[in-house]
Amino acid sequence: MRNFTCVHDLGNLEQALKEAFEIKKDRFKYVELGKNKTLMMIFFNSSLRTRLSTQKAALNLGMNVMVLDINQGAWKLETERGVIMDGDKPEHLLEAIPVMGCYCDVIGVRSFARFENRDDDYNEVILNQFIKYSGRPVFSMEAATRHPLQSFADLITIEEYKKTARPKVVMTWAPHPRALPQAVPNSFAEWMNATDYDFVITHPEGYELDPKFVGNARVEYDQMKAFEGADFVYAKNWAAYSGDNYGKILNTDRSWTVGERQMAVTNNAYFMHCLPVRRNMIVTDDVIESPQSIVIPEAANREISATVVLKRILESL
Ligand code: AN0
Ligand code: CP
């Protein structure tokens, strides 16, 4: 595997899960693989888990690691071609990318949707420029439309906690004061659709995701109905995707906040969230602190998903 941007890059998911559990048993099994190889992690946006878990994954594989926060100390980057650069941005991405590629063997990029232009976001303009111009394998650390390292960790977590072969997994929208990208829900849906789980998405009207990601999932607008018999509840906020509402907040209805009322109709469901999470907006204190909350083991699995992905990339060098 050279680049990792979506579920399809991983190929057979059962095989990938096998590797994940093998690595979870012995994280340093492939410590020789990354000797004298350098990972460069480039962040256009903030991060806690992705930064730490991906760095830890690289250390598990014996790699060297460099981290660049574009907004803290690097030159501001122009990303549009053809712009007369007489403004506040001294450097163009088209030089910066191949230069960064000179100093490393593998590149991880975090570049969220900017909500300026839906086509630019959904064409993954930034991530694809890294793939095209860096000369290095590139993996997504959450790009405009997907967060595959997160979804892979989510899948590992569900496999660890599921009690039936085909659990009911419900992804629910929940309110949030800021407009958030669709990357996490798109990606989660894409990965769930690649399994044979019973997968349901619930959200208020107007929050329909790109049909490409919804796939064959059932969409249920009544949250309580969607939660009935759920084995896993996956909460996430996202801003609107559709048409002129792209990137807008249409609803802040706190009756969608996941609490005991909704969890009571589930099959004693586990609660999941990618984190960071705003308590009492997305989920109540009681639910996130309950024994059914698996947000910490879910975050812990980020190290495992990243180790598998980096291992696969190193094997391709
Ligand atoms: C980001 C998002 O919703 O995409 C990152 C989540 C992993 N969340 C925030 O910006 C709060
Ligand atoms: N879940 C996740 O990707 O968290 P960070 O934004 O902190 O990396």
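Computed from a predicted structure; not experimentally measured.

Scoring rules and cut-offs
- Residues numbered from 1 in each chain as written.
- Chains lettered and ligands numbered in written order.
- Predicted model: local features only at pLDDT ≥ 70, side-chain atom pairs only at ≥ 80, totals over all residues.
- Heavy atoms only, no water.
- 1 Å grid on protein atoms, 1.4 Å probe; cavity = no way out; pocket = protein on both sides within 12 Å on 5 of 7 lines; lining within 4 Å.
- Points joined across faces, edges and corners; volume = space filled by probe spheres on them.
- Nonpolar A, V, L, I, M, F, W, Y, C, P; charged D, E, K, R; others polar.
- Salt bridge = Lys/Arg side-chain N within 4 Å of Asp/Glu carboxyl O.
- Helix = DSSP H or I, 4+ residues; strand = E, 2+ residues; numbered from the N terminus.
- Buried < 20%, exposed > 50% of the residue type's maximum accessible area, 1.4 Å probe, protein only.
- Pairing = 2+ DSSP bridges.
- Right-handed = clockwise from strand over helix to strand, strands pointing away.

Q: Honestly, empty space enclosed by the protein in this entry has me stumped. Any pointers?
A: If a probe the size of a water molecule is rolled over the atoms, the empty space left behind becomes visible. Going through the model one piece at a time under the given rule, you end up with one cavity of 30 Å³ or more. Approximately 30 Å³ is the volume attributed to the largest cavity. Trp173, His176, Arg178, Tyr207, Asn237, Trp238, Ala239, Lys248, Ile249 and Asn251 are the residues that line the largest cavity. Along the lines of polarity and charge, the residues of the lining of the largest cavity split into five nonpolar, three polar and two charged.

Q: Just checking my understanding: could you explain the pattern of salt bridges for this structure?
A: Side-chain pairs of opposite charge can arise whenever the charged atoms involved come near each other. Here the structure, examined in full by the defined rule, presents 15 salt bridges. Across the pair Lys311 and Glu19 runs a salt bridge whose closest N-O atoms are separated by 3.0 Å. Of this pair, Lys311 sits in helix H12 (residues 295–316) while Glu19 sits in helix H1 (residues 13–25), and the two are 292 residues apart along the sequence. Lys311 sits in the buried class, given a relative accessible area of 5%. The buried category is assigned to Glu19, whose relative accessible area is 8%. The residue Arg312 makes a salt bridge to Glu19 at a minimum N-O spacing of 3.0 Å.

Q: Would you explain the pairing of strand S8 (residues 198–202) in this entry?
A: Working note: regular strand, side chains alternate between the two faces of the sheet. The element S8 is extensively covered by neighbouring structure, given that five of its five residues are classed as buried. Side chains Asp198, Val200 and Thr202 of S8 all project onto a buried face; the interleaved residues Phe199 and Ile201 project onto the opposite face, where all are buried too. Bridge count between strand S7 (residues 168–173) and S8: five bridges; the pairing is parallel. Each residue of the ladder has a partner; that of Thr172, found in S8, is Thr202. In this fold, S7 hands off to helix H7 (residues 183–193), which returns the chain to S8; that crossover is right-handed. Sheet analysis places S8 next to strand S9 (residues 218–219), joined by two bridges and oriented parallel. Opposite Val200, over in S9, you have Arg218 as the bridge partner.

Shape is all these values report; function is a separate question.
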